[in-house]
Amino acid sequence: MNLTDISDIQNKFIQFVSVDELLKFSIEKTKIQVPKSDFLCLLMHDDSLVIVLNAKYKRSVHHIDSVNYLSSLTIPDYTSINPQFVDDAFFLDLSNLEKNQQTKNASDEHQAYNDYIKLLESAIALDVSDIHIIMEHDMCYTEYRIKNGLVINEEPRHKKIFEDILRHVHNSRQSASSGGGDWKLGNYFDVTDDVTINGELTRWRFHSAPNNDSEHSVVVIRRVELQNKSDYRDVSHYQYFSRLDLKYSILKLGYNNYQAEQLINIALSPSGLVLISGKTNTGKTTTTNVLMTGSQALNNFQRRIISIEDTPELSIPRMLRRPIAKGGKFAEGITSALRSDADTIIVGEARVGDSGPGVVEATVTGHLVITTLHASNILAIPARAEMVGIAADFLGTSGSVAGFVWQKLLPTLCHHCKKPVPESADICQRIKARVGEKVDLSSLFERNLKGCLECQGINPGLIVCAEIIDFPDLSMCKAIKQNDDIAFLEHWKKRGESNQYGYFRAIDHAIEHALRGVLCPKSIELELGRITP
């Protein structure tokens, strides 16, 4: 007998499709009864052939899986079977077939790895923040998030290519905490994978979910910013670091002078809660890195900073980290930090039913606590904080809050192909109505949708647009306690009576960028809403 393919085995033993049929099988010439611990069994199940031979014939267990993994089966204590049914030639062929299958599996795994690395390399070359893999009708489409814009790869590929990549990441990458089990299309999973690309360590976060049915998935692969060894700076680098140096680092992110001073005062506060809000990919981690690194340097690295993160992203010199395992709680890390002589505690995210009470406890015990949450604007932060367990009574207590920050990243204009905005355009009139009739619009530009050779139609960069409230006064605290958004807004506006930046919204910040020719006013209205007086 010559076996060349799995189908040969299936065709030969197709009658063994269940345990019941196996029990009915007999050969008239010789019938031998053997106990469960010493038996011969030929069985087909879920397209898999399992061969078990007794010790008397010095055979072992053989598995050939063609489609599905073998399900657990109950074998009876006794069965009638002919031990001479298969010969040595059969097992020689079977052994060769198993080796060929293993070689093929190894080759497939190698190809999946190569495809995976190529995908990540292309993402790095394009400065991609997220890769979207969308499976539909057995085909697969990829989209790249570049500087907040979606760049679509119009060329579809068969879904099996990405199915193999995802299975490789889920099943083979040891750093991926996937929770065990085999990955299948339509499954939910979240894993994080560390990969060295061109000599530098990179980290990627995967999220997979079903798309329409159990045979298709949509996957988002997000790059997590890491501090590579080539970027590492020891504390000796900050020997002559000054407040002006910190301010310059903040200005480079896109904040204006007044906002930079606000952020520095918040970062240097010895205690209080700092809530930084915004969507994902809005620069919250970058802002925290710059502020805490600078404050550490200005304090001569004498303050103990402990971060609690589920995915390590912060890179602050002399910082201690409390990692959160998959399924773990931020509250446990906060408790550990409180027992570890911390001065500043950074909590990766304020979550419902988890970190809220711990954040409050850490703040009232005299620590500076920085955490992030999702809110639509700065006025919504108190209500959103209450939803995750940070009570309004606490936020409204004088001295509890060091600062509220809300921010968003907007795409910048290409300086090679941007076009002037006609002063007669409606949007110019709306800007005048908000800023003043005498505003200079000569540097107002809009995006050239066709792009140029320099930008190729892709946003060249991102810049922050933010609104900040530092150290809320008694009137604002009272409004927070009463959940009175209108009163909170009115008291904030009063700050603007003595200083134009005392009441300064994210849309005002964006207009400021636009008047310098950095942002397209249409992008402002698209991202932050219509410009109104």
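Reading the values: rules and limits
- Residues numbered from 1 in each chain as written.
- Predicted model: local features only at pLDDT ≥ 70, side-chain atom pairs only at ≥ 80, totals over all residues.
- Heavy atoms only, no water.
- Helix = DSSP H or I, 4+ residues; strand = E, 2+ residues; numbered from the N terminus.
- Buried < 20%, exposed > 50% of the residue type's maximum accessible area, 1.4 Å probe, protein only.
- Contact = heavy atoms within 4.5 Å.
- Areas by Shrake-Rupley, 256 points an atom, 1.4 Å probe, with all protein chains shown as cover.
- Pairing = 2+ DSSP bridges.
- Axes fitted to C-alpha atoms, helices over the stretch in contact; angles between N-to-C directions.
- 1 Å grid on protein atoms, 1.4 Å probe; cavity = no way out; pocket = protein on both sides within 12 Å on 5 of 7 lines; lining within 4 Å.
- Points joined across faces, edges and corners; volume = space filled by probe spheres on them.
- Nonpolar A, V, L, I, M, F, W, Y, C, P; charged D, E, K, R; others polar.
- Phe/Tyr/Trp six-rings, centres within 6.5 Å; stacked < 30°, edge-to-face > 60°.
- Lys NZ or Arg CZ within 6 Å of the ring centre and 35° of its normal.
- pLDDT = per-residue confidence, 0-100.
- Parallel < 35°, antiparallel > 145°, perpendicular 65-115°, else oblique.
- Core = buried A, V, L, I, M, F, W, Y, C linked by side-chain atoms within 4.5 Å.
- Arc of directions from axis to C-beta.
- Polar contact = N/O pair within 3.5 Å; in protein donor to acceptor, adjacent residues only side chain to side chain.
- Salt bridge = Lys/Arg side-chain N within 4 Å of Asp/Glu carboxyl O.

A. Expanded view of the overall build of the protein. Within the protein, the secondary structure is distributed over 16 helices and 20 strands. For the protein, the residues scored as buried account for 46% of the 533 residues in total. Considering only contacts within the protein whose residues lie at least 6 apart along the sequence, 64% involve residues at least 24 apart. Entry remark: accessible area of the protein is about 27200 Å², with carbon and sulfur atoms responsible for 49%.

B. Fine view of the sheet that holds strand E15 (residues 344-347). Overall, mixed pairing links the seven strands, which are arranged E14-E13-E15-E16-E12-E17-E20 in an open sheet. Where the open sheet ends on each side, the last strands, each with one partner, are strand E14 (320-323) and strand E20 (462-470). Neighbour to neighbour, the strand axes of the sheet diverge by 15° on average, direction disregarded. Packing of helix H8 (residues 330-338) onto the sheet brings it into contact with strand E13 (305-309), E14 and E15, and relative to E13 it is tilted by some 165°. Helix-sheet contacts for helix H15 (residues 506-514) involve strand E17 (401-411) and E20, and the interaxial angle to E20 is about 140°.

C. Focus on empty space enclosed by the protein. Considering all chains together, one arrives at five cavities of 30 Å³ or more under this definition. Roughly 80 Å³ of internal volume is contained in the largest cavity. In terms of lining residues, the largest cavity is bounded by 13 residues, among which Cys414, Cys417, Arg447, Asn448 and Cys455 are the most central. Residue composition of the lining of the largest cavity, grouped by class: six nonpolar, five polar and two charged. Approximately 50 Å³ is the volume found for the second largest cavity. Leu263, Ile266, Ala267, Val274, Ile276, Thr288, Leu291, Met292, Ile370 and Val405 are the residues that line the second largest cavity. Residue composition of the lining of the second largest cavity, grouped by class: nine nonpolar, one polar and no charged.

D. Structural view of unusual backbone geometry. Even without glycine at this site, Asp341 takes up a positive phi of about 60°. Judged by relative accessible area, Asp341 falls into the exposed class, the value being 63%. A positive phi angle is found at Asn483, which is not glycine, with a value near 55°.

E. Representation of the packing of aromatic side chains within the structure. Tallying each qualifying case throughout the model produces six aromatic pairs. Their ring planes at 80° and their centres at 4.8 Å tell us that Trp492 and Tyr503 sit as a pair that is edge-to-face. Taken together, the residues span a long stretch of sequence, with Trp492 in helix H14 (residues 485-498) and Tyr503 in the loop between H14 and H15 at a distance of 11 residues. Overall, the relative accessible area of 0% leaves Trp492 in the buried class. Through a chain of ring-to-ring contacts, the aromatic side chains of Tyr238, Phe241 and Phe301 assemble into a single cluster. A cation over a ring is seen here: Lys418 above Phe445, with NZ or CZ 4.5 Å from the ring centre.

F. Up close: the confidence of the model for the protein. With 75% of its residues at a pLDDT of at least 70, the protein reaches an overall mean of 78. This stretch, residues 1-88, has a pLDDT under 50; its non-local contacts, to residues over four places away or in other chains, come to 140 contacts. Counted against residues more than four places away or in other chains, residues 174-179, with its pLDDT under 50, gives 14 contacts.

G. Looking closely at the packing of helix H12 (residues 426-435) against helix H16 (residues 521-528). Look at H12 against H16: their axes get within 10 Å of each other, and the N-to-C directions meet at 70°. When the axis of H12 is compared with that of H16, the two are roughly perpendicular. For the pair H12 and H16, contact is made by Ile427, Arg430 and Ile431 and by Pro521, Lys522 and Glu525, respectively. Residues of the contact of H12 with H16, tallied by class, amount to three nonpolar, no polar and three charged.

H. Broad picture of the nonpolar core. Leu275, Ile390, Leu395 and Phe404 are the most contacted members of the largest nonpolar core, which totals 38 residues. The next biggest cluster of nonpolar side chains, apart from the first, holds 30 residues, and it includes Val235, Leu291, Ala402 and Leu409.

I. Up close: helix H13 (residues 474-481). When we look at burial in H13, the residues that qualify are Met476, Cys477, Ala479 and Ile480. What you see down the axis of H13 is that its buried residues fit within an arc of 160°, all on one side. Exposed residues lying more than 90 degrees from the buried face of H13 are Leu474 and Lys478. Looking at the buried positions of H13, the neighbouring elements they touch are helix H10 (381-387), helix H11 (392-395), E17, E20 and H14. Residue Asp473 occupies the N-cap position of H13, its side-chain oxygen lying 3.2 Å from the main-chain nitrogen of Ser475. In the segment just after H13, Asn483 is the residue with positive phi, at about 55°.

J. Inspection of the pattern of salt bridges at higher detail. Evaluation of the coordinates by the stated rule reveals 16 salt bridges. For Glu261, the salt bridge is made with Lys247, and the minimal N-O distance between the two is 3.2 Å. Here Glu261, found in helix H6 (residues 257-267), pairs with Lys247, found in helix H5 (residues 243-253); they are 14 residues apart in sequence, far enough to count as distant. Overall, the relative accessible area of 26% leaves Glu261 in the partly exposed class.

K. The environment of Ile134, seen in detail. Mapped onto the fold, Ile134 is located in strand E6 (residues 130-136). Each C-alpha atom, one on Ile134 and one on Ser217, is 6.6 Å from the other, the two residues being 83 residues apart in sequence. In this structure, Ile134 is in contact with Met139, Cys140, Tyr141, Glu143, Asn211, Ser217 and Val218, ignoring residues within four places of it in sequence.

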